[in-house]
Amino acid sequence: MIAVIGATGNVGRPLVAGLLARGAHPRILTRDPGRAPLTPGAEAVVGDLDTPGCADEVLAGADTAFVVTAGPEAAAHDRAIAEAVARHGVRHVVKVTSVAALPPVHDSYGAAHAAAEDAYRATGARCTFLRPAAFMSNTLQWHWSVTGRSAVFQPFGDLRQAVVDPADVAEVALRVLAAPALGGRAYTVTGPEPLTPRQRARRLADALGRPLTFVDAPPEQAHRAMTDAGLPPAYVDGLLASQSDPDPARGGVPLPTVREITGRAPRSFDAWLGAHLRLFA
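Quick caveat: nothing in here was measured; it's all calculated off a predicted structure.

What counts as what
Residues numbered from 1 in each chain as written. Predicted model: local features only at pLDDT ≥ 70, side-chain atom pairs only at ≥ 80, totals over all residues. Heavy atoms only, no water. Disulfide = S-S within 2.5 Å. Phe/Tyr/Trp six-rings, centres within 6.5 Å; stacked < 30°, edge-to-face > 60°. Buried < 20%, exposed > 50% of the residue type's maximum accessible area, 1.4 Å probe, protein only. Lys NZ or Arg CZ within 6 Å of the ring centre and 35° of its normal. Helix = DSSP H or I, 4+ residues; strand = E, 2+ residues; numbered from the N terminus. Expected span 1.5 Å × (residues − 1). Arc of directions from axis to C-beta.

### Details of the state of the cysteines
Here's step 1: One pass over the full model with this rule turns up 0 disulfides.
Here's step 2: Here cysteine 54 is not cross-linked by a disulfide; its sulfur's nearest cysteine counterpart is in cysteine 127, at 20 Å.

### Comments concerning the packing of aromatic side chains
Here's step 1: The final tally for this structure, using the stated rule, is 3 aromatic pairs.
Here's step 2: Ring centres 6.0 Å apart and planes at 10 degrees place the aromatic pair tryptophan 144 and phenylalanine 153 in the stacked group.
Here's step 3: Overall, the relative accessible area of 51% leaves tryptophan 144 in the exposed class.
Here's step 4: The residue whose ring lies beneath arginine 200 is phenylalanine 269, and the NZ or CZ to ring-centre distance is 6.0 Å.

### Things to note about helix H3 (residues 74–88)
Here's step 1: When the terminal C-alpha atoms of H3 are compared, their 21 Å separation across 15 residues agrees well with the 21 Å that a helix rising 1.5 Å per residue should span.
Here's step 2: Taken residue by residue, H3 has Ala74, His77, Asp78, Ile81, Ala82, Ala84 and Val85 as its buried positions. Down the axis, H3 shows its buried residues gathered within 165 degrees of arc, on one side only.
Here's step 3: Following H3 by one or two positions, glycine 89 has its phi on the positive side, about 65 degrees.

In structure tokens:
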């Protein structure tokens, strides 16, 4: 049985849909059953990883686990999940981390992802790590300024990232879950084209058919906006340090991972925009 932790996010939702389409019967953890991608064949465990014993409930009896964690509490959640993996003898863990975890690690955000990988390795389970570049879906964070001010505010506007569709990360995970020979290693997962935030904003403007002003926001301004939204300052420090990393190995260069694993090219940013343009209306 496959347990899925992070079933309602941008990667987990298409992953669960793919598992169900393949006839699997996953057990999924969700805090909100109203958001869970439930159809006949899926078992939902309603709970919160902040609650002791939650990871045990979802992992008991599972032989495989797919895990996505995010946000300031991710490190604590990963430790709890890894401990439960060891207790329940889960044999294979597929974990989404980040290109920031690639050694050598330069910032606290990458260090947290690297520590999570180490925690899962220490369980004795076979571990597969998916280290995606920045998600195309992060573009949705521009919605408020695009609709309200016809502008995009983004720091590090000229750093290139081969942004990846989260659905492609889910497809890679599905293939790894279905073919044990693909597991037991780390994969860097990218999109097909390195783009700066400024270039992505220009393409969004072209798709919308109206001009958008790109503002290369100072990191201090971005830091203030994120902490004002409730994120801990130390977490924001690490996140911005990771975003400013110019190392092309950390998602700046397109890699053939999606094509090699799935047999098709990764989706382009333009294709992703076309499928989500209504969300910017």
